[in-house]
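Summary of the model geometry
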Amino acid sequence: IYLDLYPRPQKYNHSAHFSVRLGLVSREGGSDGGAALQQLPIVALVCNFASPDDTGVSLLSHSEVEIFFHEFGHALHSLLSRTSFQHLSGTRAPVDFVEIPSHLFEYFANDPGSLRMF
């Protein structure tokens, strides 16, 4: 996962998850039908959170925490996807299905027990 969390000139001004390389599992490993080849996915989370202050600290607002957890849900969906068809990998699915992991992770942004871990 590549993280691009802070604003800069000419940067995309919304938060988003981008698939840089999709995951793929292929059975074309060898002529004898040997081991599967695996292409590991690469994803980027692009956000525009408050820039760090002079001490290097950047405290996120609750809204920013929810956004990060939401986009992290998309990232995990892409990273954990194992398919033989790249066009069905990760978030390349019907919108309702794509949003399930993200909405699940948003729950943790509102759970005091989870937030105490940070």
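Residues numbered from 1 in each chain as written. Predicted model: local features only at pLDDT ≥ 70, side-chain atom pairs only at ≥ 80, totals over all residues. Heavy atoms only, no water.

Another point: the overall build of the chain. Of regular secondary structure, the chain possesses 3 helices and 5 strands. What you see in the chain, going N to C, is helices and strands ordered as β-β-β-β-β-α-α-α. Compactness check: the chain gives a C-alpha radius of gyration of 17 Å against a globular reference of 13 Å for 118 residues, more than 25% above the reference. In terms of principal-axis extent, the alpha carbons of the chain reach across some 60 × 35 × 25 Å. The buried share of the chain, taken over its 118 residues, is 29%. Residue pairs in contact within the chain that sit at least 24 positions apart in sequence constitute 67% of those at least 6 positions apart. (Helix = DSSP H or I, 4+ residues; strand = E, 2+ residues; numbered from the N terminus. Rg over C-alpha atoms; globule rule 2.2 N^0.38 Å. Buried < 20%, exposed > 50% of the residue type's maximum accessible area, 1.4 Å probe, protein only. Contact = heavy atoms within 4.5 Å.)

Spatial strand order, 1-5-2: 3 strands in an open sheet with mixed pairing. Two strands bound the open sheet, and with one partner strand each, they are strand 1 (2-4) and strand 2 (16-21). When strand polarity is set aside, the average angle formed by the axes of neighbouring strands in this sheet is 20°. Here 5 bridges tie strand 2 to strand 5 (residues 42-46), and the two strands are oriented antiparallel to one another. Within strand 5, the residue paired with R21 across the bridge is I42. In the packing of helix 1 (residues 62-80) onto the sheet, the strands contacted are strand 1, strand 2 and strand 5, and the crossing angle to strand 5 comes to about 170°. (Pairing = 2+ DSSP bridges. Axes fitted to C-alpha atoms, helices over the stretch in contact; angles between N-to-C directions.)

All told, the structure shown has 7 aromatic pairs when counted by the stated rule. The interplanar angle of 20° and the centroid separation of 6.1 Å between the aromatic rings of F68 and F72 together place this pair among those described as stacked. One end of the pair, F68, and the other, F72, are both in helix 1, 4 residues apart, so they sit about a helical turn from each other. Owing to a relative accessible area of 26%, F72 belongs among the partly exposed residues under this scheme. (Phe/Tyr/Trp six-rings, centres within 6.5 Å; stacked < 30°, edge-to-face > 60°.)

Taken as a whole and assessed by the stated rule, the structure comprises 2 salt bridges. In this structure, the salt-bridge partner of R8 is D4, at a minimum N-O distance of 2.9 Å. With a relative accessible area of 23%, D4 lands in the partly exposed category. Several salt bridges share partner residues, and in doing so they unite D4, R8 and K11 into one network. (Salt bridge = Lys/Arg side-chain N within 4 Å of Asp/Glu carboxyl O.)

Next up on the list: the packing of helix 1 against helix 2 (residues 95-108). Between helix 1 and helix 2, the least distance of the axes is 7 Å, while the angle of their chain directions is 135°. Between helix 1 and helix 2, the angle falls in the class oblique. Viewed along their axes, helix 1 and helix 2 form a crossing whose handedness is right-handed. In this structure, helix 1 uses E66, F69, H70, F72, G73, H74, L76 and H77 to contact helix 2, whose residues at the interface are F97, V98, E99, P101, S102, H103, F105, E106 and F108. Among the residues making up the contact of helix 1 with helix 2, the classes are represented as 8 nonpolar, 6 polar and 3 charged. (Parallel < 35°, antiparallel > 145°, perpendicular 65-115°, else oblique. Left-handed = near helix turned anticlockwise from the far one by under 90°. Nonpolar A, V, L, I, M, F, W, Y, C, P; charged D, E, K, R; others polar.)

Mapped onto the elements, K11 comes out in the loop between strand 1 and strand 2. For K11, a relative accessible area of 13% puts it in the buried group. Of the polar contacts made by the side chain of K11, one reaches the backbone oxygen of C47; its length is 2.5 Å. Each residue touching K11, except ones within four places of it in the same chain, is listed here: D4, L5, Y6, V46, C47 and N48. (Polar contact = N/O pair within 3.5 Å; in protein donor to acceptor, adjacent residues only side chain to side chain.)

The analysis is restricted to geometry; functional conclusions fall outside its scope.
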